[in-house]
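# Overview (structure and organization)
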Amino acid sequence: TPGFTLTAILTLALGIGVNAAMFSVMDQVLLRPLPYPNAQRLVLMGAVRQQGGFAAVSLPDMKDWQARNHTFQAIGYFESNPVTLRFGDSSNVTTQVMTSTNLFELLGVHPAMGRSFTAEDGKSGRSNIIIVTDRIWRNYLHSDPNILGKAVFINGDPYTVIGVLPPAVGFPGDGLESIYAPVNPDDNGLSDRSSSALLAIGLLRPGVTVEQAGHEINSIHQQLLREYPKDESTALIRVVNYRDALTENSRSAIFALYGAIIAVWLIACANVAGLMLTRTNNRRREIAIRGALGAGRDRLVQQFLTESLLISLAGGAAGAGFAAIALGLLKHYFAHTLLYGGFIHINGAVCAFLLLASCISALLFGVVPAWMAANTPLQEGLREGTAAAGVSRKQAFWRDASVVAEITLTLALLIAAGLMMRTLYQLRRAEKGFIADQVVTGMLFMPTHGAWWTSPDPEKAANLVKMFYRPLQEKLLHTPGISGVGFTTVRPLEPGWDFVDNIIVNGRPKPNKSEQPTAQLRGTDEGYFRVFGIRLLKGRYFDSQDTPDSPVVAVVNQSFVKEVFPREDPIGKQIEIADAPGPRHWATIVGVAEDVRQRSMGEAPVPELDLNLMQFSPKDEMYPIISSFMNIAVRTNLPAADSERIIANAIHDVMPDIALQNFKPMPQVVDDSMGNQTLAARLLGIFGIAALAIAIAGIYGLLSYSVSQRMREFGVRLALGSPRGAVIWLVLRHALLLLAVGIAAGITIAIAASGVMRAFIYGFHGYDVLTVFAVALVLAACALLASYLPARKAARVDPVVALRTE
């Protein structure tokens with residue numbers, strides 16, 4: 001029976017193949033050890049953030065943790081910043097990790113070339129040395145075998161290379177294009193206990209649990225809070241296994257997608273089980289003869305399970321090809337969103353999983369047909385005209401159960417996909433606070449002009465406002481097709497960049513740090529609000545009257561007003577923006593703007609304070625935040641490619657050493673901010689369509705077989721005068737009953753899985769009745785179409801032909 005065998009193998013290949021592909025993702029991201037010998041004892045530590053994740057803590061706190069703990073073998077610290085790396089004639093943007101000197105000793109990693117950091121490297125005047133990853137050495141340092149001791153330039157400053165890490169080793173996460181330098185002990189900003197800039201990485205002592213370490217660190221934190229109440233935050237300290245910290249944002253989505261793939265696999269098994277039941281019924285005479293010749297039930301079960309295993313192993317072998325295809329798709333999506341996503345591949349573990357999945361599949365779809373075959377009555381099987389003998393109730397029950405299982409799992413999967421698509425639709429329609437159409441944005445990277453963690457020398461620093469921002473703005477505004485130009489340190493919907501500052505209001509007593517509200521600090525100009533079409537609710541925006549010689553002004557958002565001035569008029573109030581007293585110590589609020597989505601479409605806006613960057617000069621304490629990174633936003637009706645070329649040329653004409661990066665049209669930024677949601681919706685949609693195709697094929701096949709078994713009955717009905725419509729209804733009624741049971745069970749499963757849905761669907765508070773009804777309607781329409789074709793075949797039977805065997 002090559003037709004049956006090929007159908008079963010291809011169905012199983014699809015189910016097992018996508019299952020193996022998703023397992024390879026889980027193996028790489030969640031199961032495979034990190035490339036550190038001490039990976040199981042590594043923990044990440046930081047303050048609890050309201051938005052989730054880890055907030056930085058201060059260097060004095062780190063030193064107190066190191067001195068007072070008893071559960072850690074070592075505690076290190078680090079921060080990451082983008083920099084330019086120049087070697088020879090080439091310059092590249094990469095990530096610099098400023099770290100404690102014990103980082104690589106703590107990780108258990110030793111350089112493949114050169115040496116690691118020592119305690120002496122953390123002393124004053126010794127911090128201009130770096131260790132690079134293998135990929136940096138190969139790609140940017142030209143695999144120079146004599147690189148040790150040579151100088152490279154980071155943001156224009158010379159650093160000496162002292163080591164190269166082994167291949168496939170990086171930190172943090174899969175930072176394989178990183179360079180590492182000791183934290184500068186001369187940085188006065190880091191010595192301030194109220195200045196939080198670092199995350200902690202800890203190595204637990206053998207036998208110590210993460211919970212014990214978390215309890216001790218928070219006890220130390222409470223001691224520090226009593227000793228330094230004005231500087232310490234009341235936020236608890238999170239201590240999390242390092243791998244769990246790296247994957248906490250993706251873990252729930254991976255498990256949810258894997259659950260969807262298991263549903264596809266089970267649907268495929270149910271489909272093949274139905275085919276096996278059909279084939280078993282056609283083989284009743286063979287089975288009866290075997291039994292009459294002495295084959296026992298155990299022997300018959302063994303024979304059918306062996307056949308099932310052979311079919312399943314063939315399906316698994318073919319599934320390896322499907323796995324490779326599916327893995328190419330998944331790798332494309334996951335390469336830049338998951339830990340080591342670019343390293344996902346089929347390995348020995350995946351092959352072992354293919355074998356295991358094949359064996360389990362054989363049991364899932366083979367046990368019931370084998371049991372039914374072994375219990376076939378011999379007398380019934382040996383009758384003449386066995387095909388006319390009909391189907392036993394047990395066979396009919398299990399056949400119908402396989403159809404119901406397919407409908408149930410398919411509906412649950414389609415509901416999940418439908419809810420994801422509905423969520424994307426709602427997110428796209430949600431109020432953003434700005435107009436994205438005809439706006440393009442890009443990051444201006446200015447490594448030679450300063451960095452946000454250091455203060456440039458006011459006497460040597462270039463005044464970028466006069467030398468760059470204003471000339472660039474004027475040049476672009478005189479370009480045909482461009483109607484607006486604006487600047488902002490952090491554009492809307494830009495995750496990962498937080499400039500958070502405590503809010504201190506002039507005239508109010510200064511609260512302890514733990515009681516101070518915070519706000520996102522931005523440097524913007526007048527053009528920013530106009531380019532993005534941000535609505536002014538009260539007061540005014542920045543204008544030409546705001547100069548470096550006039551008092552500093554600020555615009556706040558609605559969330560800021562609700563948090564800080566819930567029952568007051570904010571206009572005219574002053575907010576502290578600098579530590580040193582003087583005329584630049586306070587910023588006066590002159591306007592209130594509508595809330596803008598800051599990090600993603602799924603996160604509510606937080607308080608925001610926008611300062612006029614056109615008022616900054618190198619002498620201002622706030623100047624460093626505009627001297628390293630800046631986002632440019634341009635309103636234009638030109639194509640994106642032309643816009644990028646025009647803006648890049650203008651930047652080069654004004655100041656050649658400033659680079660334009662991450663250029664995107666703002667509608668694409670909006671879509672990217674829903675990246676995980678879009679990914680989940682696409683994949684669930686693909687899995688749902690695959691499940692629907694398998695289920696409909698299964699329904700059609702099983703009902704076609706059912707009709708072929710009842711041809712004599714339909715011939716009798718038609719011969720006795722039954723209308724053909726009644727025969728069609730007879731078949732459809734049975735299909736409708738199975739469909740109703742399957743839909744009810746599918747909705748029940750979907751509701752039971754609501755906790756999983758909440759984990760990775762923004763704004764999920766319950767099931768949308770419209771979505772559930774629409775999905776059920778689509779499935780019902782497809783199933784009825786699949787049922788109608790066999791029903792029409794039954795109604796067209798010729799009674800004479802059907803009754804000829806009589």
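## With respect to the overall build of the protein chain
When helices and strands are tallied, the protein chain shows 22 helices and 22 strands. Put simply, the protein chain has 806 residues, and 53% of those count as buried. Excluding contacts between residues fewer than 6 apart, the proportion of contacts in the protein chain whose partners are at least 24 apart in sequence is 81%. Only carbon and sulfur atoms are counted for the fraction: they give 58% of the accessible area of the protein chain, which is about 35,100 Å².

## Here we look at the pattern of salt bridges
Enumeration over the complete set of coordinates arrives at 16 salt bridges. Salt-bridge contacts for K150 lead to D144; the nearest nitrogen and oxygen are separated by 2.6 Å. The residue R290 makes a salt bridge to E286 at a minimum N-O spacing of 3.0 Å. Separated by four residues within a single helix, R290 and E286 lie in helix α7 (residues 284-292), roughly one turn from each other. Connected through shared salt-bridge partners, R508, E568 and K573 make up one network.

## A short note on a nonpolar patch on the surface
A cluster of nonpolar side chains, L266, L356, I360 and L364, forms an exposed patch at the surface whose accessible area comes to about 310 Å². It is helix α9 (residues 348-374) that provides the largest number of residues to the nonpolar patch, a total of three residues.

## Considerations on unusual backbone geometry
A cis geometry characterises the amide bond from F171 onward to P172, with omega recorded as -5°. Even without a glycine there, the phi angle at S143 is positive, about 55°. In this fold, S143 is placed in the loop between α4 (134-139) and β7 (151-154). Classification of S143 by relative accessible area gives partly exposed; the value is 29%.

## Details of the environment of R41
Relative to the assigned elements, R41 resides in the loop between α1 (2-31) and β1 (42-48). Residue class for R41 comes out partly exposed when judged on its relative accessible area of 24%. Remark: the alpha-carbon pair of R41 and L107, spanning 66 residues in sequence, is separated by 9.5 Å. The contact partners of R41, leaving out residues within four places of it in the chain, are Q73, G202, L203, L204, R205 and P206. A polar contact of 3.2 Å, which involves the side chain of R41, links it to the side chain of Q73.

## Side note on the packing of aromatic side chains
By the definition in use, this model includes 14 aromatic pairs. Plain terms: the ring middles of F78 and F171 are 4.9 Å apart, the flat faces sit at 75° to each other, and that makes the pair edge-to-face. One end of the pair, F78, is in strand β3 (residues 72-87); the other, F171, is in the loop between β8 (157-164) and β9 (178-182), with 93 residues separating them in the sequence. Judged by relative accessible area, F171 falls into the buried class, the value being 1%. Put simply, the rings of F434, Y528, F529, F532, Y541 and F542 pair up and form one aromatic cluster.

## Here's the deal with the packing of helix α18 (residues 711-719) against helix α19 (residues 724-752)
Put simply, α18 and α19 touch, their axes get as near as 10 Å, and they point 150° apart. When the axis of α18 is compared with that of α19, the two are roughly antiparallel. Between α18 and α19 lies a crossing of right-handed hand. For the pair formed by α18 and α19, the contact residues are E713, F714, R717 and L718 on the first element and R724, V727, L730 and V731 on the second. Looking at the contact of α18 with α19, its residues break down into five nonpolar, no polar and three charged.

## Focus on the packing of helix α12 (residues 464-477) against helix α15 (residues 640-654)
For the pair α12 and α15, the least separation of the axes is 10 Å and the interaxial angle reads 135°. Considering the angle they form, α12 stands oblique to α15. Relative to α15, the crossing made by α12 is right-handed. In this structure, α12 contributes M467, F468, P471, L472, K475 and L476 to the contact, and α15 contributes I646, I647, A650, I651, D653 and V654.

## Digging into helix α2 (residues 59-68)
Within α2, burial applies to L59, P60, D61, M62, D64 and W65. Along its buried surface, α2 packs onto β1, β3, β10 (199-204), α5 (210-227) and β11 (237-241).

## With respect to the confidence of the model for the protein chain
Averaged over the protein chain, the pLDDT score is 81; the fraction of residues at 70 or greater is 88%. Confidence over residues 450-455 falls short of pLDDT 50; this stretch has 18 contacts with residues more than four positions distant or in other chains.

## Topic: the side chain of N38
With respect to the helices, strands and loops of the structure, N38 is situated in the loop between α1 and β1. Judged by its relative accessible area of 18%, N38 falls in the buried class. Not counting the four nearest positions on each side in its chain, N38 is found in contact with E105, L106, L107, G108 and L203.

## Regarding the side chain of R491
The residue R491 is located in the loop between β13 (482-488) and β14 (500-502) in this model. For R491, which is buried and forms no salt bridge, the nearest opposite charge comes from E494, at a distance of 4.4 Å. A distance of 2.8 Å separates the side chain of R491 from the backbone oxygen of L493, its partner in a polar contact. When neighbours within four sequence positions are excluded, R491 is seen to be in contact with T441, Q598, N631, N662, M666 and V669.

## Some remarks on the pairing of strand β4 (residues 90-99)
Sheet analysis places β3 next to β4, joined by 10 bridges and oriented antiparallel. Following the sheet pairing, V83 is matched in β4 by T94. Here β4 runs beside β9; their pairing, made up of five bridges, is parallel. When the sheet's bridge partners are listed, V97 is paired in β9 with Y180.

## Some remarks on the environment of I686
Position of I686 relative to the elements: it lies in helix α17 (residues 675-709). Judged by relative accessible area, I686 falls into the partly exposed class, the value being 37%.

The rules behind these values
- Residues numbered from 1 in each chain as written.
- Predicted model: local features only at pLDDT ≥ 70, side-chain atom pairs only at ≥ 80, totals over all residues.
- Heavy atoms only, no water.
- Helix = DSSP H or I, 4+ residues; strand = E, 2+ residues; numbered from the N terminus.
- Buried < 20%, exposed > 50% of the residue type's maximum accessible area, 1.4 Å probe, protein only.
- Contact = heavy atoms within 4.5 Å.
- Areas by Shrake-Rupley, 256 points an atom, 1.4 Å probe, with all protein chains shown as cover.
- Salt bridge = Lys/Arg side-chain N within 4 Å of Asp/Glu carboxyl O.
- Patch = residues over 30% accessible without salt bridge, like charges linked within 9 Å, V, L, I, M, F, W, Y side chains within 5 Å.
- Polar contact = N/O pair within 3.5 Å; in protein donor to acceptor, adjacent residues only side chain to side chain.
- Phe/Tyr/Trp six-rings, centres within 6.5 Å; stacked < 30°, edge-to-face > 60°.
- Axes fitted to C-alpha atoms, helices over the stretch in contact; angles between N-to-C directions.
- Parallel < 35°, antiparallel > 145°, perpendicular 65-115°, else oblique.
- Left-handed = near helix turned anticlockwise from the far one by under 90°.
- Nonpolar A, V, L, I, M, F, W, Y, C, P; charged D, E, K, R; others polar.
- pLDDT = per-residue confidence, 0-100.
- Lys, Arg positive; Asp, Glu negative; His and termini not counted.
- Pairing = 2+ DSSP bridges.

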